[in-house]
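What the coordinates show
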Amino acid sequence: MSCIPVITIDGPSGTGKGTISQQLARKLGWHYLDSGAIYRVLGLAALRAEVDLQDEQALSQIALELPLSFQDDQESFRLFLKDEDVTLKIRSEECSRAASIVSAFGCVRAALLERQRIFRKAPGLVTDGRDMGTIVFPDAIVKIFLDASAEVRAERRFQQLKKMGINANIDAILAELRARDERDRSRAISPLIPAPDAILIDSSGLSISQVMEKVIALLPKEIMGK
Ligand code: DC
């Protein structure tokens, strides 16, 4: 076990966990891992390779060889597939869906496990995903499970797309989000469930700064004092 501290923030999409995790990592001066982005890049690579999204073996091979790199320039976290910046591309509905499908396979998850653990570097790591507190970093010092109602999460996604100038249908977003939740929660391997020692926060009626306040209140004093 490593003595480098980890804070995990798990939960479904649209709860604000990405924003909260990034802000917290900045505030503490710690490293940040967006584990969902890794599955999204794999989804994109699989779609481009025209691999059957049910072909576990082919997907694991792509996962093992995935030419993925991260760049953290203090302004934003960027992701590269080989030399291509795919930070925005992996946020499409197509990649969201592909990521949710490919991430259900045990061999795929095993192939990506160590890639996630190497992010644990001094002085500490803030990470978000689905199984950060249960499987990847079970010895994390603080585990948070962030949730919100499906309607609130769909509305947030709708507003996000609108801001980006993308015309979307809220009912279609809600249906896709529910299907994805169902896949993520019901899969046999690393399902989306709170770790037994996770603290639950419902962000439904809360702003990002209100959630952040709650998270900070949960951190040991020695971490905030550092
Ligand atoms: O957090 P996100 O929406 O970017 O994640 C995209 C998909 O990746 C999600 O539907 C499930 C999968 N995922 C996972 O299986 N395990 C993680 N730790 C993070 C994401």
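Our subject is the structure that appears above.
Just so it is clear, the structure is predicted and the values come from calculations on it, not from any experiment.

In this section: the overall build of the protein chain. A count of helical and extended segments in the protein chain gives 10 helices and eight strands. For a compact globule of 226 residues, the expected C-alpha radius of gyration is about 17 Å, and the protein chain comes in at 17 Å, within 12% of that figure. Each principal axis of the C-alpha distribution contributes one length, and for the protein chain these read about 50 × 40 × 35 Å. Within the protein chain, the fraction of its 226 residues that count as buried is 47%. Considering only contacts in the protein chain between residues 6 or more positions apart, those separated by 24 or more positions represent 74%. Measuring between centres, the 30 positive side-chain charges of the protein chain sit 4 Å from its 31 negative side-chain charges.

Moving on to the packing of aromatic side chains. In the structure shown here, the tally under the stated rule is two aromatic pairs. On the numbers, 5.0 Å between centres and 80° between planes, the contact of Phe70 with Phe119 is edge-to-face. Pair noted here: Phe70 is in strand 3 (residues 68–72) and Phe119 is in the loop between helix 5 (106–117) and strand 6 (125–129), with a separation of 49 residues, a long-range link. Residue classification places Phe70 among the partly exposed residues on the basis of a relative accessible area of 30%.

On to the site of the ligand. Around the ligand sit 18 residues, and of these Arg40, Arg109, Arg130, Asp131 and Arg187 come closest. Within the side chain of Lys17, an N or O atom sits 3.2 Å from an oxygen atom of the ligand. Here an oxygen atom of the ligand and a side-chain polar atom of Arg130 are 2.7 Å apart. Protein coverage of the free-state accessible area of the ligand, which is 440 Å², stands at 98%. Looking at the shell around the ligand element by element, the count peaks at four residues for helix 2 (residues 35–48).

Looking now at the packing of helix 1 (residues 17–28) against helix 9 (residues 208–218). Close contact between helix 1 and helix 9 brings their axes to 10 Å; oriented N to C, the two are set at 55°. Our classification of the angle between helix 1 and helix 9 gives oblique. Helix 9 is crossed by helix 1, and the crossing has right-handed handedness. Across the interface between the two elements, Thr19, Ile20, Gln23, Leu24 and Lys27 of helix 1 pack against Ile208, Val211, Met212, Val215 and Ile216 of helix 9.

Moving on to unusual backbone geometry. Note the cis peptide between Ala122 and Pro123, where omega equals 5°. Residue placement: Pro123 occurs in the loop between helix 5 and strand 6. Non-glycine residue Glu50 carries a positive phi angle of around 55°. By the secondary structure assignment, Glu50 is in the loop between helix 2 and helix 3 (56–65). Although it is not a glycine, Lys82 adopts a positive phi angle of roughly 55°. Here Lys82 lies in the loop between strand 4 (77–81) and strand 5 (84–85). With a relative accessible area of 62%, Lys82 lands in the exposed category.

Let's shift gears to the pattern of salt bridges. Applying the stated criterion across every chain, the model contains 15 salt bridges. For Asp197, the salt bridge identified is with Lys143, shortest N-O distance 3.2 Å. Here the residue Asp197 occupies a position in the loop between helix 8 (170–186) and strand 8 (199–202), and Lys143 occupies one in strand 7 (residues 142–147), the gap between them amounting to 54 residues. When salt bridges with common partners are traced through the structure, they connect Arg48, Glu84 and Lys89 into a single cluster.

Spatially, 3-4-5 is the arrangement adopted by the three strands of the open sheet, whose pairing is antiparallel. Each of the sheet's edge strands pairs with one partner strand only, and the pair in question is strand 3 and strand 5. Two elements, strand 3 and strand 4, share five bridges in a ladder whose sense is antiparallel. Along strand 4, the bridge assignment pairs Asp72 with Phe77. Here helix 2 sits on the sheet and contacts strand 3, strand 4 and strand 5; the angle it forms with strand 4, its principal contact strand, is near 30°.

Parameters at a glance
- Residues numbered from 1 in each chain as written.
- Predicted model: local features only at pLDDT ≥ 70, side-chain atom pairs only at ≥ 80, totals over all residues.
- Heavy atoms only, no water.
- Helix = DSSP H or I, 4+ residues; strand = E, 2+ residues; numbered from the N terminus.
- Rg over C-alpha atoms; globule rule 2.2 N^0.38 Å.
- Buried < 20%, exposed > 50% of the residue type's maximum accessible area, 1.4 Å probe, protein only.
- Contact = heavy atoms within 4.5 Å.
- Lys, Arg positive; Asp, Glu negative; His and termini not counted.
- Charge placed at Lys NZ, Arg CZ, Asp CG, Glu CD.
- Phe/Tyr/Trp six-rings, centres within 6.5 Å; stacked < 30°, edge-to-face > 60°.
- Near = heavy atom within 4 Å.
- Polar contact = N/O pair within 3.5 Å; in protein donor to acceptor, adjacent residues only side chain to side chain.
- Areas by Shrake-Rupley, 256 points an atom, 1.4 Å probe, with all protein chains shown as cover.
- Axes fitted to C-alpha atoms, helices over the stretch in contact; angles between N-to-C directions.
- Parallel < 35°, antiparallel > 145°, perpendicular 65-115°, else oblique.
- Left-handed = near helix turned anticlockwise from the far one by under 90°.
- Salt bridge = Lys/Arg side-chain N within 4 Å of Asp/Glu carboxyl O.
- Pairing = 2+ DSSP bridges.

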